[in-house]
Amino acid sequence: MKKCSIGKKIGMTQLFDEKGKIIPVTVVEVGPCVVVQKKTMENDGYEAVQLGFGDIAVKKVNSPMKGHFAKADVAPKKYLKEFRLDDISTLDVGAVVKADTFAVGDAVDVRGTSKGHGYAGTIKRYGQHSLKDTHGTGPVHRHAGSMGACSDPSRVRKGKRLPGHYGCAGVTVQNLVVAKVDAENNLIAFKGALPGPKGGIVYITDSVKA
């Protein structure tokens, strides 16, 4: 069965393998997640499960969502995410998905929201070169520079890399390997870095390219 879960990024640290080699890892609190809803082929045309993660006070939930959670007979959850699976027969509404769903050596894809940098110029946003800081360049050595040609096409082409909002975008990191699983504390260490800040929510699924 395809594996999936929701987690919260704790931060980065390092582990050591049998040969003493350092492995940079990102620690994620994975679950416990509860199955809030099941989508079936008969009723919805596809099979999927909706997982809930993170407790939230009842007074912070609106009336439609209160009914949604009451129908599933589960406590209100702060984060909901639907995952399409090949086989959902083993997951019933109310079932709990924990960190031990994954094992050491599993290859996974992790999706999160990258850190926001606000309004940024082309040097920070795209890594472009700056102008020379000497010979009268003046206060514009970090500007975008020339915008295009002369009379043809007489406009700035679409897709021109310009200053703007940088970050706060969905990012998926593929083929990450599970380095360690702490089932007792619902923690998983993934080799490498994950998108987003500490405390950010990430969505974990089996790797599609493994």
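Residues numbered from 1 in each chain as written. Predicted model: local features only at pLDDT ≥ 70, side-chain atom pairs only at ≥ 80, totals over all residues. Heavy atoms only, no water.

> Can you help me understand the overall build of the chain in this one?
From N to C terminus, the chain includes 3 helices and 12 strands. Compactness check: the chain gives a C-alpha radius of gyration of 23 Å against a globular reference of 17 Å for 210 residues, more than 25% above the reference. Projected onto the principal axes, the alpha-carbon positions of the chain cover approximately 70 × 50 × 35 Å. Taken across its 210 residues, the chain has 31% of its residues classed as buried. Charged side chains of the chain number 32 positive and 20 negative; the gap between the two group centres comes to 13 Å. (Helix = DSSP H or I, 4+ residues; strand = E, 2+ residues; numbered from the N terminus. Rg over C-alpha atoms; globule rule 2.2 N^0.38 Å. Buried < 20%, exposed > 50% of the residue type's maximum accessible area, 1.4 Å probe, protein only. Lys, Arg positive; Asp, Glu negative; His and termini not counted. Charge placed at Lys NZ, Arg CZ, Asp CG, Glu CD.)

> Quick question: what am I supposed to make of the sheet that holds strand E1 (residues 4-16) here?
Consider a sheet: its strands pair through backbone hydrogen bonds, and that pairing is either parallel or antiparallel. The strand order around the closed barrel formed by 6 strands is E1-E2-E11-E10-E7-E12, and the pairing between neighbours is antiparallel. The sheet shows a mean angle of 50° between the axes of neighbouring strands, taken without regard to direction. In this structure, strand E7 (residues 107-113) lies alongside strand E10 (residues 170-182), joined through 6 bridges in antiparallel fashion. Directly across from Ala 107, in E10, lies its bridge partner Val 177. (Pairing = 2+ DSSP bridges. Axes fitted to C-alpha atoms, helices over the stretch in contact; angles between N-to-C directions.)

> Is there a simple way to explain the pattern of salt bridges in this structure?
Side-chain pairing between opposite charges can occur once the charged atoms of the two side chains come close. Scanning the model with the defined rule gives 5 salt bridges in all. Close ionic contact of Lys 8 with Glu 29 constitutes a salt bridge, the shortest N to O distance being 3.9 Å. Remark: Glu 29 occurs in strand E2 (residues 22-30) and Lys 8 occurs in strand E1; sequence separation between them is 21 residues. Looking at Glu 29, the relative accessible area reads 25%, which means it is partly exposed. Its salt-bridge partner being Lys 38, residue Asp 92 comes within 3.6 Å of it at the nearest N-O pair. Taken together, the residues span a long stretch of sequence, with Asp 92 in the loop between strand E5 (77-84) and strand E6 (96-97) and Lys 38 in strand E3 (residues 33-39) at a distance of 54 residues. (Salt bridge = Lys/Arg side-chain N within 4 Å of Asp/Glu carboxyl O.)

> Teacher, can you tell me more about the sheet that holds E3 here?
Judged by pairing direction, the sheet is antiparallel, and its 4 strands sit side by side in the order E5-E4-E3-E6 without closing on themselves. With one partner strand each, in any of the chains shown, E5 and E6 form the two edges of the open sheet.

> Explanation requested: the pairing of strand E12 (residues 201-206) in the structure shown.
When a strand is regular, its side chains alternate between the sheet's two faces. Buried residues dominate E12, accounting for 5 of its 6 residues. Examined bridge by bridge, E1 and E12 share 5 bridges and lie antiparallel to one another. When the bridges of E12 are listed, Cys 4 appears paired with Thr 205. Two strands pair when backbone bridges link them, and E7 and E12 are joined in this way by 4 bridges, in the antiparallel orientation. Its bridge partner being in E12, Val 108 is matched across the sheet by Asp 206.

> Sorry, what's going on with the confidence of the model for the chain here?
Note: predicted coordinates in regions of low pLDDT should not be interpreted at a detailed level. The predicted model of the chain averages 90 in pLDDT, with 100% of residues at 70 or higher. Within the chain, strand E8 (residues 118-120) carries the highest mean pLDDT (96), whereas helix H1 (residues 41-44) carries the lowest (87). (pLDDT = per-residue confidence, 0-100.)

> How should the side chain of Asn 186 be read in this particular structure?
Position of Asn 186 among the secondary structure elements: in the loop between E10 and strand E11 (187-191). A distance of 3.5 Å separates a polar side-chain atom of Asn 186 from the backbone nitrogen of Ala 99. Contacts of Asn 186, omitting those with residues within four sequence positions, involve Val 28, Glu 29, Val 30, Gly 31, Pro 32, Lys 98 and Ala 99. (Polar contact = N/O pair within 3.5 Å; in protein donor to acceptor, adjacent residues only side chain to side chain. Contact = heavy atoms within 4.5 Å.)

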